Amino acid sequence: MKTKRKTRRLLAAAVCLLALAALGLLVWLAVLLVKSVAGAAGPDMRSLGDVRAVELSASWSSYFSSEKERDAQEAYIASTLDEAAAQGATTVLLSGRVSGGRSAADTLLRAPTRDEMAPQLAPAVQASDKFLNKFDPLKLLIKEARARSMQVALLATDDWGTAILDEGELPQWLADAASHYKLTVYSQTTGGSLGVRTYTAYSDAPDLLRMDADPGVLAAAYQLNPGRGLVLGDLADLVAGGSNAALLLSYLDGGDLPALMEKQIPQTLAIVSPDPAPPAYGDEIFLIGTSDPSQPVTVNGQPVTYQGAKGVWGVTLPLEAGENNYSAVQGGETVTITVRKGAGGGGAGAARPDGSVPAQWGQKLRVTATLASQLSQYNNDDSITMTAYKGAVAEVANSVAFTRSGKNTYAYQLQNGSYILAKDCELLPPGTPDAAFTGASHSAEGNVEYLTFTGSGTPLYTHTWEGNVLTLNFYSASFNGELPADFGFGGATVASEMGEHGFALTFTFNEVDPLWGYHVDYLEGGTTRVALKHSPRRGADPAKPLAGVTVMLDPGHGDTDMGAVGSPDPDFPQEKDLNLAASLAARYRLEQLGATVLMTRDTDVFYELGERVEMLNAAKPDFFIAVHHNSTALNKDATTLMGTECYWFYTEGKSLAENLVAGVTAATGREARGTFYNYFYVTRSNICPAVLLETGFVSSPQEYESCADPQALWAEGAAIAQAVLNTLPG
């Protein structure tokens, strides 16, 4: 009996020892599990100075909504991080919510919590558990991220999987999960300047900025507000090419942004427009001023109803005959201007001759203006059929006397039936010979091919350009010789044909190597040269898609020409300053994308319109954009007129104009007023798409504040760069 009792005691002791050993093993495994989770936790985001994140949306998490082999799930997580790194990301954001599961509350977060509203774990996660080794995809994501020097953060969602906005209260289970995995949690804002959203952390981690639609706007917001990070976009969209992280990263290259404009809008009381020196007309006057935006303003006792965030205000008041005194009052300060109403009506007196004379029959003229309009109706400036450039010589078939702008003058009808005004040309001595060419030679410079005529003369020409066929008709000129069989365009041909009043050259191109633009140069010594431009193409490097493309920017006005209605005070931002600032921003962004950028001016100087056109025709860029800001007459309420518009003359510029309006309005939130045909000097070139862009109205106090805002100026600059890219073939 004693032996049996002893045996039982030994057996009981052994069982106790085994139980204690098992308990110890479980404690040891628990410690290892806690250590492994802690070891997998992401680094503290507060220590990072440059967070570039991608979002893993519900479509990513839905991979875990159905059962898969664990090896496949682990490979999926690793490949996700490799794709994120390839996009330039240092961080991945995810809510951990699984679409397509048992309910909207399914989650990947395997964290302990006592919250009864905690979402259920996705079944596919549980199905991948192994003995003493539960599958935790978030833990694995954190571990794989650390191996790539990356990190993970959570997006705030409520109990039903809906995003929590504007730092709303976190549910307990999410706070527990963030603490368990040691991760930062972010919520999103519902709005932001120029459409830029902010992800705000429930900690001291940096805010993140996001705007998928416009990388230029996002880059400017980030660069002008240091200390924040970026959300590059949804990873699936980035990989599929739906968002362009490469452009964004190109815009971020180069460090801090350069200053665009020294002048700032003062927040002191002043009436800055109109200029009181010249007389005003009409029955009303629109006043623009500056002020302290925190205090109301009255003008002649009338409260100002529009006062912008920066204190720019506007008000419409009656304009009476004689002198009108307008006093603006804010707090204890008063400023006054006196505007005189001009007398209307009255005759201008008899017309006076301008010195022009009729031409003899068959006499030739030479165009002396930088460009002259060939008009179908001599008394209608809108009836342009073609542009004639300085140096062009043509034969006069008829002279017509008429009155223009209070002066007696002449219009000269040419052999093609169009008219050139006397103010734009000079008559040559009778007997001046026709141009005579005996051949042509080929040369090339960059992406421009040249045919230079052998012989002498600078004959006027017209053109027809339909599809891949360009015909140049030269008047009062002959061609007797050979044309080069190869003039630099693959598969293209050229043929000459004599006609009644001259000769024609017909070029036929193909889709492989199409014609982008052309110009006829009149060289010193009386030589004529035809310039034919190859089409530019998008570069192969996604970060430098404008490599090899040349853009000329023309900031309007300058020096003593302040431009549209603005302040006579030279220290106040005027249109000329805004034009230059937007152009400098565009140059910076274009160069970041690889373009070569030329500017008619990059300082506060002035060039005549003719000089700007000559720069364009001499440089022969791939794109030409004249940058301006708009205005309206100050005899009406200017707060109602706002928006962006763009002008083109030749149809080759219409697509660029449309892309510019679409880009600027999307980037700035301004109204799209449209694109319009008009015969501005600077749009009348066939060498490339040439347009005049009016980015916004400086006569509107509201839009003026936007136009003078650094972030908006950078948005305009990036929109111009993007419009060029969108217009580029290939």
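Please refer to the structure placed before this passage.
Computed from a predicted model, the values in this text were never measured in an experiment. (Residues numbered from 1 in each chain as written. Predicted model: local features only at pLDDT ≥ 70, side-chain atom pairs only at ≥ 80, totals over all residues. Heavy atoms only, no water.)

**A closer look at the overall build of the protein chain**
Heads up, the rule is: Secondary structure counts use DSSP, requiring at least four H or I residues in a row for a helix and at least two E residues in a row for a strand, with both numbered from the N terminus. The quantity called the radius of gyration is restricted to C-alpha atoms. Its globule counterpart is 2.2 Å times the number of residues to the power 0.38. Three exposure classes are used, based on accessible area relative to the maximum for each residue type with a 1.4 Å probe and protein chains only: buried under 20%, partly exposed in between, and exposed over 50%. The criterion used for residue contact is that any of the two residues' heavy atoms lie within 4.5 Å. Methods summary: accessible areas were calculated by the Shrake-Rupley approach with a probe of 1.4 Å, and residue burial reflects only the protein chains presented.
Each helix and strand counted, the protein chain has 14 helices and 38 strands in total. Its C-alpha atoms give the protein chain a radius of gyration of 36 Å, more than 25% over the compact-globule value 27 Å for 730 residues. Along the first, second and third principal axes, the C-alpha atoms of the protein chain reach 150 × 80 × 40 Å. For the protein chain, the proportion of its 730 residues judged to be buried stands at 50%. Looking at the protein chain alone, contacts between residues at least 24 apart form 68% of all its contacts between residues at least 6 apart. Of the roughly 32000 Å² that the protein chain leaves accessible, carbon and sulfur atoms contribute 52%.

**Examining the packing of aromatic side chains**
Selection criterion: The criterion for an aromatic pair is that two Phe, Tyr or Trp rings (for Trp, the six-membered ring) have centres within 6.5 Å, with stacked assigned to planes under 30 degrees apart, edge-to-face to planes over 60 apart and tilted to the rest.
Throughout the structure, instances matching the rule amount to 30 aromatic pairs. Between the aromatic rings of phenylalanine 64 and tyrosine 76, the centroid separation amounts to 5.7 Å while the plane-to-plane angle is 70 degrees, which identifies the pairing as edge-to-face. With a gap of 12 residues between them, phenylalanine 64 in the loop between helix H2 (58–61) and helix H3 (70–86) and tyrosine 76 in helix H3 connect regions that are remote in the sequence. Taking 5.3 Å as the distance between ring centres and 25 degrees as the angle between the ring planes, the aromatic pair formed by phenylalanine 649 and tyrosine 677 counts as stacked.

**Looking at the pairing of strand E27 (residues 469–475)**
What counts here: For two strands to be treated as a pair, DSSP must find no fewer than two bridges joining them.
Buried residues dominate E27, accounting for five of its seven residues. Looking at chain direction, strand E26 (residues 461–466) and E27 are connected through six bridges and run antiparallel. When the sheet's bridge partners are listed, histidine 463 is paired in E27 with leucine 472. Hairpin connection of E26 to E27: two residues between the antiparallel strands, including glycine 467 at a positive phi of 60 degrees. Pairing analysis gives seven bridges linking E27 to strand E30 (residues 502–508), with the strands arranged antiparallel. By the bridge assignment, valine 469 is partnered in E30 with threonine 508.

**Notes on the pattern of salt bridges**
To keep things clear, this is the line we draw: Take a side-chain nitrogen of Lys or Arg and a carboxyl oxygen of Asp or Glu: if they are within 4 Å of each other, that pair is a salt bridge.
This model, assessed by the stated rule, comprises 22 salt bridges. Here aspartate 283 makes a salt bridge to lysine 341, at a shortest N to O gap of 3.3 Å. A residue pair is termed long-range when its members are at least 10 positions apart, and aspartate 283 in the loop between strand E8 (270–273) and strand E9 (284–290) and lysine 341 in strand E15 (residues 333–341) qualify at 58 residues. Judged by its relative accessible area of 59%, aspartate 283 falls in the exposed class. Taking the shortest distance from any N to any O, the salt bridge between lysine 364 and aspartate 434 comes out at 2.8 Å. With lysine 364 in strand E17 (residues 364–367) and aspartate 434 in the loop between strand E23 (425–427) and strand E24 (435–445), this residue pair connects regions lying 70 residues apart in the sequence.

**Quick word on unusual backbone geometry**
Cis geometry marks the peptide bond from serine 273 to proline 274; its omega dihedral reads 10 degrees. Its place among the elements puts proline 274 in the loop between E8 and E9. Backbone geometry at glutamate 167 places phi at a positive 55 degrees, although glycine is not the residue there. Considering the arrangement of structural elements, one finds glutamate 167 in the loop between strand E3 (151–155) and helix H6 (172–181). For glutamate 167, a relative accessible area of 47% corresponds to the partly exposed category. At lysine 182, a residue that is not glycine, the phi angle is positive and equals roughly 60 degrees. For lysine 182, the location among the structural elements is in the loop between H6 and strand E4 (185–188).

**A short note on the sheet that holds E4**
Strands in a sheet are paired, the pairing made by backbone hydrogen bonds, and the direction either parallel or antiparallel. The cut-off we apply is this: Inter-axis angles, ranging from 0 to 180 degrees, are taken between N-to-C directions of lines fitted to C-alpha atoms, where helices are fitted over the stretch in contact.
On the basis of which strands lie adjacent, the closed barrel formed by seven strands has the order E1-E2-E3-E4-E5-E6-E7 and mixed pairing. Strand-to-strand twist in this sheet, taken as the mean axis angle between neighbours without regard to direction, amounts to 35 degrees. In this structure, strand E2 (residues 91–94) lies alongside E3, joined through four bridges in parallel fashion. Bridge pairing in E3 places leucine 93 opposite alanine 153. Across the sheet, helix H5 (residues 137–147) is in contact with strand E1 (52–56), E2 and E3; its angle to E3 comes to roughly 140 degrees. Where helix H9 (residues 245–252) meets the sheet, its contacts fall on E1 and strand E7 (229–234), and the angle it forms with E7 comes to roughly 160 degrees.

**Some thoughts on the environment of leucine 609**
As for its position among the elements, leucine 609 is in helix H11 (residues 609–619). Taking C-alpha positions, leucine 609 is 9.2 Å from glycine 556, a pair spaced 53 residues apart along the chain. With near-sequence residues (within four places) excluded, leucine 609 lies in contact with Tyr681 and Val682.

**As for the state of the cysteines**
As a reminder, the rule being used: Whenever a pair of cysteine sulfur atoms sits within 2.5 Å, that pair is classed as a disulfide.
For the structure shown, the criterion picks out zero disulfides. Of all cysteine sulfurs in the structure, the one in cysteine 646 sits closest to cysteine 688, which takes part in no disulfide; the separation is 13 Å. Cysteine 707 carries a free sulfur, and the closest cysteine sulfur to it, the one in cysteine 646, is 15 Å from it.

**Brief notes about the side chain of threonine 668**
Test applied: By the criterion applied in these results, polar contacts are pairs of N or O atoms within 3.5 Å in which, for protein atoms, one can donate a hydrogen and the other can accept it, and in which residues neighboring in sequence qualify only through two side-chain atoms.
Mapping threonine 668 onto the fold places it in helix H12 (residues 654–668). Of the residues examined, threonine 668 reaches a relative accessible area of 9% and is grouped as buried. At 2.7 Å, the side chain of threonine 668 forms a polar contact with the backbone oxygen of valine 664. A distance of 3.3 Å separates the side chain of threonine 668 from the backbone nitrogen of arginine 670, its partner in a polar contact.

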